[in-house]
2 protein chains.
Amino acid sequence: MPLPDDLRQALRFDDQGLIPAIVQQQGTGEVLMFAWMDAEALDRTLETGEAHFWSRSRQELWHKGATSGHTQPVVDVRADCDADVLLVTVDVPPDGVACHTGERSCFHRTLDDLQESP
Amino acid sequence: MPLPDDLRQALRFDDQGLIPAIVQQQGTGEVLMFAWMDAEALDRTLETGEAHFWSRSRQELWHKGATSGHTQPVVDVRADCDADVLLVTVDVPPDGVACHTGERSCFHRTLDDLQESP
């Protein structure tokens, strides 16, 4: 089912048809990852209740966790005041992993870490 | 002081010289806003301890709260695994406001709200 027209029009996708999506764990508030959605990814997310994104590197629809098993059950999706960013609340298990490095969150490095080993 | 070269090189700014920044309240984990930084904004943030961004609409350095008074004291800045997104932890007072609408967080609308009044 395509994304409802009124929702598609209310959201401000960028000139590549994408919108940033912040993924946050319910309860703890931990920010797990950041990715991009196109209208289809958002539609699939709302339809299936599992987070889908647009992979800019692979240029394809990306069902998060489809291969790793670390799918992200979606609890809520909100938009910001300008309707050009999404906040996706998910509820992944305590041992769930969002990052391709095996860490729970993609945000596991301080800027000092980064300067030491980029 | 310009951003240290090693940090500037370790971070992946996009082709417009920008990097997304997620702003999160310390402790509660509430995501307050999402904005963009260029190297200068990040440098000013690290140098002053208050969040600075690049305003894409005004095309200028934006010291958050400089006019409203709702500045954002920065506690920590982290990078994601790809070094192309920043997570900025701030500590704003309980009555602090991040959104230009007067709401504490920019993410105060559900998708249902958006469909009802875009």
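Note that the structure is predicted; figures quoted are calculated from it, not measured.

(A) Just the overall build of chain A, in detail. Within chain A, the secondary structure is distributed over three helices and seven strands. Counting from the amino terminus, helix and strand elements in chain A follow one another as α-β-β-α-β-β-β-β-β-α. Radius of gyration (C-alpha) of chain A: 15 Å, near the 13 Å computed for a compact globule of 118 residues. Over its C-alpha atoms, taken along the principal directions, chain A stretches across nearly 45 × 30 × 30 Å.

(B) Layout of the nonpolar core. Counting 64 residues, the largest nonpolar core has A:Ile22, B:Ile22 and B:Val23 as the members making the most contacts within it. Not counting residues up to four positions away in its chain, the partners in contact with B:Val23 are B:Leu32, B:Met33, B:Phe34, B:Ala35, B:Ala51, B:Gln72, B:Val88, B:Val90 and B:Ala98.

(C) Region of interest: the interface of chain A and chain B. If you look at the interface, chain A gives 30 residues, while chain B gives 31 residues. Broken down by class, the residue content of the side of chain A that touches chain B amounts to 18 nonpolar, seven polar and five charged. Relative to strand β5 (residues 74-79) of chain B, strand β7 (residues 109-110) of chain A runs antiparallel, the two sharing two bridges. Residue pairing for β5(B): A:Arg109 is matched across the bridge by B:Ala79.

(D) Main features of the sheet that holds strand β6 (residues 86-90) of chain B. If you trace the five strands from one edge of the open sheet to the other, you get β7(A)-β5(B)-β6(B)-β1(B)-β2(B), paired in mixed fashion. Two strands in the sheet have a free side with no partner beyond their single neighbour: β7 of chain A together with β2 (31-37) of chain B. Two elements, strand β1 (residues 19-25) of chain B and β2(B), share six bridges in a ladder whose sense is antiparallel. Counted as the bridge partner of B:Gln24 is B:Val31 from β2(B).

(E) Here's a closer look at the relation of the copies chain A and chain B. Between chain A and chain B, the superposition needs a rotation of 180 degrees and an axial shift of 0.0 Å, giving an RMSD of 0.0 Å. The two molecules are tied by a two-fold rotation axis, judged by turn and shift. Scanning chain A for the C-alpha nearest the rotation axis identifies A:Gly29, at a separation of 2.3 Å.

(F) Region of the structure containing the confidence of the model for chain A. Confidence in the prediction of chain A, expressed as mean pLDDT, is 95, and 98% of residues score 70 or more. What the predictor reports for the complex is a pTM of 0.96 with an ipTM of 0.95.

(G) Spatial organisation of the environment of B:Leu86. Relative to the assigned elements, B:Leu86 resides in strand β6. Filtering out sequence-adjacent residues up to four positions away, B:Leu86 remains in contact with B:Ile19, B:Pro20, B:Ala21, B:Met37, B:Val77 and B:Ala79.

(H) Quick peek at the environment of B:Ala98. Secondary-structure assignment places B:Ala98 in the loop between β6 and β7 (109-110). What B:Ala98 contacts, discounting residues up to four positions off in sequence, is B:Val23, B:Leu32, B:Met33, B:His70, B:Val92, B:Arg104, B:Ser105 and B:Cys106.

(I) Structural context of helix α2 (residues 39-48) of chain B. Residues and elements named next belong to chain B. Of all the residues in α2, the buried ones are Ala41, Leu42, Arg44 and Thr45. When α2 is viewed along its axis, its buried side chains cluster within an angular range of 160 degrees and face the same direction. Where α2 is buried, its residues meet β2, β3 (52-55), β4 (60-63) and β5. Count one or two residues on from α2 and you reach glycine 49, which has phi positive near 75 degrees.

Procedures and definitions
- Residues numbered from 1 in each chain as written.
- Chains lettered and ligands numbered in written order.
- Predicted model: local features only at pLDDT ≥ 70, side-chain atom pairs only at ≥ 80, totals over all residues.
- Helix = DSSP H or I, 4+ residues; strand = E, 2+ residues; numbered from the N terminus.
- Rg over C-alpha atoms; globule rule 2.2 N^0.38 Å.
- Core = buried A, V, L, I, M, F, W, Y, C linked by C-beta atoms within 7 Å.
- Buried ≥ 20, exposed ≤ 12 C-beta atoms within 10 Å, placed from the backbone.
- Contact = placed C-beta atoms within 7 Å.
- Nonpolar A, V, L, I, M, F, W, Y, C, P; charged D, E, K, R; others polar.
- Pairing = 2+ DSSP bridges.
- Least-squares fit on C-alpha atoms with pLDDT ≥ 70 in both.
- pLDDT = per-residue confidence, 0-100.
- Arc of directions from axis to C-beta.

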